[in-house]
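If you want the building blocks of each chain, they are given just below.
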Amino acid sequence: MNKIPRTPMRNQDAIERRNHFLEVALGYSLEEARAEAARCIQCKNPRCVVACPVRVKIPEFIKLLLEDALDEAFETIYEDNILPSICGRVCPQESQCEGACILNIKSESVAIGALERFVGDYGMDKNLADKPVKENNGIKVAVVGSGPAGLANAASMRRKGYDVTIFEALHEYGGVLSYGIPDFRLPKDIVKNEIDNLKKMGVTFVRDVVVGKSITIEQLFEDGYQSVFIGSGAGLPSALGVAGENLNGVYYANEFLTRVNLMKARNEPLSKTPMKLGDTIAVVGGGNVAMDAARTAKRLGAKDVFILYRRDRKSLPARLDEIHHAEDEGIDLRLLTNPVELIGENHVVKQVRCEKMKLGEPDSSGRQRPLPTGEFVTFDIDNIIIAIGQKPNPIIKDNTLGLQTQPWGGIITDEFQMTSLPGVFAGGDVVTGAATVILAMGAGKDAAHHMDEYLKTTTR
Amino acid sequence: MYDIVEKRILQNDIEWMRVRAPFVARNAQPGHFVMVRVDADGERVPLTIVDHDQTDVVIIYQKLGYTTRQLSFKQEGDTLETFQGPLGKAAHIRDKQHVIGVAGGVGSAPLLPQLKAYKEKGIRVDAILGARSQEYLILLDEYRAICDHVYITTDDGSLGQEGRVTDALKIRLETDASIDHVIAIGPAIMMKYVVEMAKSHQRSVDVSLNPIMIDGTGMCGNCRVSIAGKTFFACIDGPDFAGEAVDFDELIARQSYYKKEEHDCFLRLKDE
Ligand SMILES: Cc1cc2nc3c(=O)[nH]c(=O)nc-3n(C[C@H](O)[C@H](O)[C@H](O)COP(=O)(O)OP(=O)(O)OC[C@H]3O[C@@H](n4cnc5c(N)ncnc54)[C@H](O)[C@@H]3O)c2cc1C
Ligand SMILES: Cc1cc2nc3c(=O)[nH]c(=O)nc-3n(C[C@H](O)[C@H](O)[C@H](O)COP(=O)(O)OP(=O)(O)OC[C@H]3O[C@@H](n4cnc5c(N)ncnc54)[C@H](O)[C@@H]3O)c2cc1C
Ligand code: FES
């Protein structure tokens, strides 16, 4: 079996990059991409494809890349994944395709994510996604939310001929891709490019419309929409539930990232929505959101940024690359450390008191359960950013009669992704709880298939 | 983009604007608000829906800092970048006999649609409108049209009784036993004192909380308020709440966390 080492991706210098929001990972050159593609042994029964939530034909596109058939390589990915440039950058490949790669046994997996990114970017530069689509069949469908689930659903429905309108609550499209994931991981012109592609396909975008408030699901049907896809995500921050959480200086990651990304506080002093941040910042959580918040804080000039996480290193749910990048940028991981109280003075947070944890038996998630030790430690801080998860926003649930939801707020769907309301489908984080871009995208695409079947039986 | 259909100057620093926004108008109810962004890199600020018809929505704003001043530069025929809503929970119109509304400053704008809703239910309404001085009082005719009595207080005595709204409220609550509910909308400190007064006179009281909001849709959590030890998001759980158990000191502190940044931003406006 092949033991050639994996082709590393070049990164921006770790010290230099702390001062700006430019993308950290620089991507492959054509030569690097070819060298890496050559490492794929073209398995007969590729495990990587099975491990990909949308079943991208990985060995096939890699072979085409090697044969210099880059247009065809792009087409091959695009059939299953309409956002290759995005997924190549943000998918947790180590637990999906790359995790399943047979080369892992003796050496290192093929860098599938990096290759996907390379081919995706090539397609973007050459405008390969801009293709004529079926004529509009006049059947109106509505998509709620413009995150990956909504975008994928809209693209698929438009390709099937439907007259698609996306309603987005915020003033920018893209969902978490726009307001959450920072530029240094996902440059915003890539997201904008994908949205422009959808506009060119004839998808109508309407912003500032909060479905459930500005227009209810029932009113969408009154207005002639024959089916609705809800891809409203999981945008409501979860609380830590400790004393002092409402002190000044305590941010939810959503507020922090919204100020910086959506409201452009990173352009201070020009932004009208600034970000008040001191020198010493604690970030609570171990996922991508926590890593993004910590690295963003560093870029905004914080001197000392540390992460508080109640489990151990191998349990960190963030992408492996991002953990490495965070550490390279000087972010300190304080593991097995669980915040129990925020201590303030004059309504401003000053300290976080934490309990040291140890690991016990595995819990329902398969990870070892963190257990209290009775030993405490207190850190001085200027700000603390809470990044321990998000739940679905209650607006749609509270304003849609008969829509069944889980106790935690997720929308309940059947095997065809239909909700308790006929013709109303849902997918992405609003159904699964906070998950990944690729799962949301896959759910949006699959729902389009079910919506099409449904509409064929209900419209003439 | 949203067209400014009509604009009026109500007082030196207070303006009235009618904006074409059918998606906001369609489901608007008393208590709802909109998030407004004046231009493409503007901040998002919350303003109450004061009135609306099928297509248009009326807002009234006081020129305070950067964004409200930026808004006041806009004229009829100009457009606004974002006008999103209706947001928040509609005001809870309770089963009462006689309601007295208390407004501090521009709080009289959000109070008006609520008192109207009570009036339309056949409930008797009075109002106490307070301001620094006469030039900050607005909508007096509109209030007189629906209220049995309108009491006015000004800090400098330039109109009505010299003093605070709580002075006038005290007298009303002590002398009119038929009043069974108070609504207070205005600066947090004023609402705090109105709530204390209502409580000490055994009347129920509703308030409209005004923490700093960013998205206005339940996403950022900056608008959180503590009520009876529980946290609520004012933008989706409110902004109207029963006032009795609100932690006003926390609200006042949270409102002031960005004071310096707001001031710096305002100073830049002068340069622009
Ligand atoms: C900081 C951060 C970093 C992340 N990093 C990664 C990563 O590296 N890799 C990865 O795979 N995943 C990552 N994720 C998770 C991933 O972004 C989400 O799982 C994915 O975006 C979910 O897609 P969605 O379409 O379901 O929802 P969202 O992306 O949340 O989009 C939902 C959209 O619906 C809109 N909306 C909500 N309510 C309404 C309404 N009532 N009316 C109209 N519109 C509405 C919202 O404004 C939003 O634009 C990250 C998440 C965050 C927050
Ligand atoms: C639900 C709600 C309804 C409101 N309705 C009205 C109304 O009908 N008419 C009206 O004149 N005002 C209303 N306000 C207050 C209005 O939003 C602020 O006056 C405005 O945001 C000030 O912005 P600025 O940039 O001009 O001033 P700044 O100098 O930035 O701030 C002045 C003060 O306004 C408050 N403020 C600033 N930014 C925000 C923000 N994003 N959200 C909330 N408060 C902020 C702060 O307490 C600050 O100290 C309402 C507020 C809320 C929360
Ligand atoms: S304003 Fe962001 S959650 Fe209320």
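What you see is a predicted model, and the numbers here were worked out from it, not measured in a lab.

Looking at this structure, how should I read the overall build of chain A?
The secondary structure content of chain A amounts to 17 helices and 15 strands. Compactness check: chain A gives a C-alpha radius of gyration of 23 Å against a globular reference of 23 Å for 460 residues, within 12% of the reference. With the principal axes as the frame, chain A shows a C-alpha extent of 65 × 60 × 50 Å. Residue pairs in contact within chain A that sit at least 24 positions apart in sequence constitute 68% of those at least 6 positions apart.

Would you mind going over the overall build of chain B with me for this structure?
Looking only at helices and strands, chain B has 9 helices and 17 strands in total. For 272 residues, the compact-globule estimate of 2.2 N^0.38 gives 19 Å, and the C-alpha radius of gyration of chain B, at 18 Å, lies within 12% of that figure. By principal-axis analysis of the C-alpha atoms, chain B measures approximately 50 × 40 × 40 Å. Looking at chain B as a whole, 58% of its 272 residues qualify as buried. Within chain B, contacts between residues at least 6 apart in sequence are counted, and of these 66% link residues at least 24 apart. Carbon together with sulfur atoms contributes 49% to the accessible area of chain B, which is approximately 10,900 Å² in total. Of the charged side chains in chain B, 32 are positive and 41 negative; the average position of the first set lies 3 Å away from that of the second.

Teacher, can you tell me more about the site of ligand 2 here?
Residue and element names in this part refer to chain B. Taken together, 24 residues sit near ligand 2, with Pro46, Thr48, Ile60, Thr68 and Met213 positioned nearest. Separating an oxygen atom of ligand 2 from a backbone N or O atom of Gln62 is a distance of 2.9 Å. Here a nitrogen atom of ligand 2 and a backbone polar atom of Met213 are 2.9 Å apart. Expressed as a share of its isolated accessible area of 860 Å², the protein-covered part of ligand 2 is 89%. Breaking the shell around ligand 2 down by element, the ones donating at least two residues are strand E4 (45-48), strand E6 (56-62), helix H2 (66-72) and helix H9 (259-271).

Can you walk me through the site of ligand 1 in this structure?
All names here are of chain A. Residues in contact with ligand 1 amount to 35 residues; listed here are only the nearest, Val90, Ala149, Glu168, Arg185 and Val211. Taking Asp429, its main chain carries an N or O atom lying 2.9 Å from an oxygen atom of ligand 1. Backbone polar atom of Ala435 to an oxygen atom of ligand 1: 3.2 Å apart, as the coordinates give it. Every element with two or more residues in the shell around ligand 1 is listed here: helix H8 (148-159), helix H13 (288-299) and helix H17 (437-458). Of all the elements, H13 adds the most residues to the shell around ligand 1, at 3 residues. Looking at the shell around ligand 1 residue by residue, the classes come out as 18 nonpolar, 12 polar and 5 charged. Three or more residues apiece are contributed to the shell around ligand 1 by two domains, here domain 2 (140-235 + 391-458) and domain 3 (239-388).

In this structure, what is going on with the nonpolar core? I would like to understand it.
The tendency in soluble globular proteins is for nonpolar side chains to be buried as a group. Membership of the largest hydrophobic core comes to 75 residues, with the highest contact counts inside it found for A:Ile58, A:Phe61, A:Ile86 and A:Leu115. At 9 residues, the largest contribution of residues to this core is made by H17(A). Residue contributions to this core reach at least three from each of two domains, namely domain 1 (10-126) and domain 2 (140-235 + 391-458) of chain A. The residues contacting A:Phe61, other than those within four sequence positions of it, are A:Val56, A:Ala73, A:Thr76, A:Ile77, A:Ile112, A:Leu115, A:Glu116 and A:Val119. Counting residues in each nonpolar core, the second largest holds 56 residues, with B:Leu173, B:Val205, B:Cys223 and B:Phe241 among its members.

Hey, could you run me through unusual backbone geometry in this one?
Backbone phi values are negative for most residues with the exception of glycine, while trans is the configuration of most peptide bonds. Of note, the amide linkage connecting B:Gly85 to B:Pro86 takes the cis form, showing an omega dihedral of -5 degrees. Structurally, the position occupied by B:Pro86 is in strand E8 (residues 82-87). Residues B:Gly238 and B:Pro239 are joined by a peptide bond in cis, for which omega reads 10 degrees. Position of B:Pro239 among the secondary structure elements: in the loop between helix H7 (234-237) and strand E17 (240-242). Positive phi outside glycine occurs at A:Leu336, with the angle close to 50 degrees. For A:Leu336, a relative accessible area of 23% puts it in the partly exposed group. One non-glycine residue, B:Leu139, adopts positive backbone phi at about 65 degrees.

When you look at the side chain of B:Glu81 in this model, what are you seeing that I'm missing?
Position of B:Glu81 relative to the elements: it lies in the loop between strand E7 (79-80) and E8. Within polar-contact distance, the side chain of B:Glu81 engages the side chain of A:Arg207 at 2.9 Å. When residues no more than four places from it in sequence are discounted, the contact partners of B:Glu81 are A:Arg207, A:Asp208, B:Met1, B:Tyr2, B:Arg37, B:Val38, B:Asp39 and B:Ala40.

I'm lost on the domain arrangement of chain B in this one. Help?
Reports of interface size often rely on the accessible area that becomes lost once the parts have come together. Residue and element names in this part refer to chain B. Domain boundaries in chain B define domain 1 (2-87) and domain 2 (90-204). Measuring from the centre of the C-alpha atoms in domain 1 to the corresponding centre in domain 2 gives 24 Å. The interface is formed by 16 residues belonging to domain 1 together with 16 residues belonging to domain 2. The junction of domain 1 with domain 2 conceals about 1,300 Å² of combined surface from both sides, 65% of it contributed by carbon and sulfur atoms.

What is the right way to read the pattern of salt bridges from this model?
Close approach of charged atoms allows side chains with opposite charge to pair. All names here are of chain B. Within this structure, the stated rule accounts for 47 salt bridges over all chains. Note that Asp148 and Arg124 form a salt bridge whose closest N and O atoms lie 2.9 Å from each other. One end of the pair, Asp148, is in the loop between helix H4 (140-146) and strand E11 (150-154); the other, Arg124, is in strand E10 (residues 124-131), with 24 residues separating them in the sequence. Between Asp249 and Lys192 there is a salt bridge, with its nearest N and O atoms 2.8 Å apart.

Can you help me understand the sheet that holds strand E13 (residues 383-386) of chain A in this one?
Where strands meet in a sheet, backbone hydrogen bonds hold them as pairs that are either parallel or antiparallel. Residues and elements named next belong to chain A. The strand order E6-E13-E7-E8-E9 describes an open sheet built from 5 strands, whose pairing is parallel. Among the strands making up the open sheet, the edge pair consists of strand E6 (250-252) and strand E9 (332-334). For this sheet, the mean angle separating the axes of adjacent strands, direction not counted, is 25 degrees. Two elements, strand E7 (residues 280-284) and E13, share 4 bridges in a ladder whose sense is parallel.

Is there a simple way to explain the domain arrangement of chain A in this structure?
Residue and element names in this part refer to chain A. Per the domain assignment, the segments of chain A are domain 1 (10-126), domain 2 (140-235 + 391-458) and domain 3 (239-388). Using only C-alpha atoms to locate each centre, domain 2 and domain 3 end up separated by 30 Å. Tallying the contact residues gives 12 residues for domain 2 and 15 residues for domain 3. When the two sides are added together, the surface that domain 2 and domain 3 hide from each other amounts to roughly 1,200 Å², 52% of it contributed by carbon and sulfur. In terms of surface lost to domain 3, no three residues of domain 2 exceed Tyr179, Phe184 and Arg185, which account for 51% of the buried area on that side. Across the domain 2-domain 3 interface, the total number found is 2 salt bridges. Among the salt bridges present, the one from Arg185 reaches Glu322, with a minimum N-O distance of 3.7 Å. In this assembly, domain 2 and domain 3 are joined by 4 residue pairs in polar contact (both at pLDDT 80 or more). Grouping the constituent residues of the side of domain 2 that touches domain 3 by class yields 5 nonpolar, 4 polar and 3 charged.

Where do I start with the pairing of strand E10 (residues 337-345) of chain A in this structure?
The side chains of a regular strand alternate, first on one face of the sheet and then on the other. Direction of pairing for E10(A) relative to strand E11 (residues 348-362) of chain A: antiparallel, over a ladder of 8 bridges. Bridge pairing in E11(A) links A:Leu342 to A:Val352.

Thresholds, definitions, all that
- For every chain, the first residue of its written sequence is number 1, and the numbers climb from 1 along that sequence.
- Chains carry letters and ligands carry numbers; both start at the beginning, A for chains and 1 for ligands, and go up in the order they are written.
- The model is predicted, so local features are restricted to residues of pLDDT at least 70 and side-chain atom pairs to those at 80 or more, both for listing and for counting; the totals for chains, interfaces and linings are taken over all residues.
- Side-chain measures here rest on the full set of heavy atoms in the structure, leaving out hydrogens and waters.
- A run of DSSP states H or I qualifies as a helix once it reaches four residues; a run of E qualifies as a strand once it reaches two. Both are numbered from the N-terminal end.
- We take the radius of gyration over the C-alpha atoms and set the globule estimate at 2.2 Å times the residue count to the 0.38 power.
- The contact criterion used is simple: two residues touch if any of their non-hydrogen atoms lie within 4.5 Å.
- The buried label goes to any residue with under 20% of its type's maximum accessible area, the exposed label to any with over 50%, and the partly exposed label to all in between, with areas taken from a 1.4 Å probe on protein chains only.
- Here the open area of atoms and residues is found with the Shrake-Rupley method and a 1.4 Å probe, where only the protein chains shown may cover a residue.
- Think of it this way: Lys and Arg go in the positive column, Asp and Glu in the negative one, and His and the chain ends go nowhere.
- Where a charge sits is defined by one atom per residue type, namely NZ (Lys), CZ (Arg), CG (Asp) or CD (Glu).
- Proximity is defined per residue: any heavy atom of the residue falling within 4 Å of a molecule or strand makes that residue near it.
- Polar contacts, as used here, are pairs of N or O atoms within 3.5 Å; protein pairs need one atom able to donate a hydrogen and one able to accept it. Residues neighboring in sequence count only if both atoms are side-chain atoms.
- Gly falls in the polar group here, along with every residue not listed as nonpolar (Ala, Val, Leu, Ile, Met, Phe, Trp, Tyr, Cys, Pro) or charged (Asp, Glu, Lys, Arg).
- The split of the chain into domains comes from an automatic or database domain assignment.
- Nine residue types can take part in a nonpolar core, namely buried Ala, Val, Leu, Ile, Met, Phe, Trp, Tyr and Cys, and a core is a set of them joined through side-chain atoms within 4.5 Å.
- The term buried area means the drop in 1.4 Å probe accessible area that two parts suffer when joined, counted for both and summed.
- Throughout this description, the term salt bridge denotes a Lys or Arg side-chain nitrogen within 4 Å of a carboxyl oxygen of Asp or Glu.
- The rule for pairing is simple: two strands pair if DSSP sees at least two bridges between them.
- Under this scheme, a helix contributes an axis fitted over its contacting stretch, all axes are lines through C-alpha atoms, and angles between N-to-C directions fall in the 0 to 180 degree range.

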